[in-house]
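Secondary and tertiary structure notes
Here is how the chains run, residue by residue.
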Amino acid sequence: MITDACIFVNQDNAATPRRMLLTAKSCGISRVVVCGNAVDVPASYAGVTVLRGKVIAKQNGRQFLDAVRKVPAGSVVMVNAGENSFNRTAVTTKGVHLLTGIADLPKGGFDHIIAKMAADHNTGVVFDLSRILNQKSRRTALSKYAEILHLQRKYHFPLVIASGTDTIFGFRNKTEITALCSLFGMTKAEVAAAQNGLDAVLNPQQLVTIIKKEEA
């Protein structure tokens, strides 16, 4: 299911939630994760399924764990990336689905150890396209995303793509998304996998062990 892993719908937005969903549909998106404080977002509209998302800011120790526990059931939980030690905690904490804010990672904030942890715990990493569209953050975002992509190809943790938009003008169609992602090295197949990557995070495949019955 082609998913936009994070859009922001707020009460003071010029665009209504339904107009945002109609625009998403016109771009070929079939599911969105809605963050923000709007309370009148429908569960689905115009063929677009809506999941509620919660972005948790960088916090210390028990405050972070408490914030994760307080997220309403059924929400997609995203954590803003920070220093290396915080990211290790984030990707291994039960209930956390995605690590976001990758464009703002400090040096060494995401290394081989965290990549392996993310893969082991099936925690996804968000590529927020709004950071590429913004001229002020574009260069840094492209560099950080390329680094993460290199690690993902080795450790195979889930990747997801988000527009990060809070207006109808931030959505992009599949062709445009593929072109943007190619700027930091993603292939067309990798983009397609990332657009469906949230399913792998929310519904991980269970390993099945087959035990042969010993012959008498």
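What counts and how
Residues numbered from 1 in each chain as written. Predicted model: local features only at pLDDT ≥ 70, side-chain atom pairs only at ≥ 80, totals over all residues. Heavy atoms only, no water. Buried < 20%, exposed > 50% of the residue type's maximum accessible area, 1.4 Å probe, protein only. Helix = DSSP H or I, 4+ residues; strand = E, 2+ residues; numbered from the N terminus. Pairing = 2+ DSSP bridges. Core = buried A, V, L, I, M, F, W, Y, C linked by side-chain atoms within 4.5 Å. Contact = heavy atoms within 4.5 Å. pLDDT = per-residue confidence, 0-100. Salt bridge = Lys/Arg side-chain N within 4 Å of Asp/Glu carboxyl O.

Let us now look at the pairing of strand 7 (residues 124-128). Summarising burial for strand 7: five of the five residues are buried, a large majority. Of the two faces of strand 7, both are covered, the one formed by G124, V126 and D128 as well as the one formed by V125 and F127. Pairing geometry for strand 6 (residues 98-100) and strand 7, over two bridges, is parallel. Residue L99 lies in a different strand from strand 7, and its bridge partner there is V125. Strand direction decides the pairing type here: strand 7 and strand 8 (residues 159-162), joined by four bridges, are parallel. Looking at the pairing, V126 lines up with V160 of strand 8.

Judged by nonpolar contacts, the single largest core of 40 residues is most densely connected at F110, I148, F157, L159, F184 and M186. With seven residues, helix 6 (residues 138-155) is the largest single contributor of residues to this core. Setting aside anything within four residues of it in sequence, one finds I148 in contact with I102, L105, F110, V125, F127, F157 and L159. Counting residues in each nonpolar core, the second largest holds 16 residues, with V9, M20, A38 and F171 among its members.

Another aspect to go through is the confidence of the model for the protein chain. On average, residues of the protein chain carry a pLDDT of 92, and 94% of them reach 70 or more. Per-residue pLDDT stays below 50 along residues 207-212; that stretch engages in zero contacts with residues further than four places along the chain or on separate chains.

With that settled, the discussion passes to the side chain of T93. Residue placement: T93 occurs in the loop between helix 3 (84-92) and strand 6. Ignoring any residue separated from it by four or fewer positions in sequence, one finds T93 in contact with F64, L65 and V68.

This model, assessed by the stated rule, comprises six salt bridges. Across the pair D66 and R69 runs a salt bridge whose closest N-O atoms are separated by 2.4 Å. Of this pair, D66 and R69 both sit in helix 2 (residues 61-69), separated by three residues, roughly a single helical turn. In this structure, R131 engages D104 in a salt bridge whose closest nitrogen and oxygen atoms are separated by 2.9 Å.

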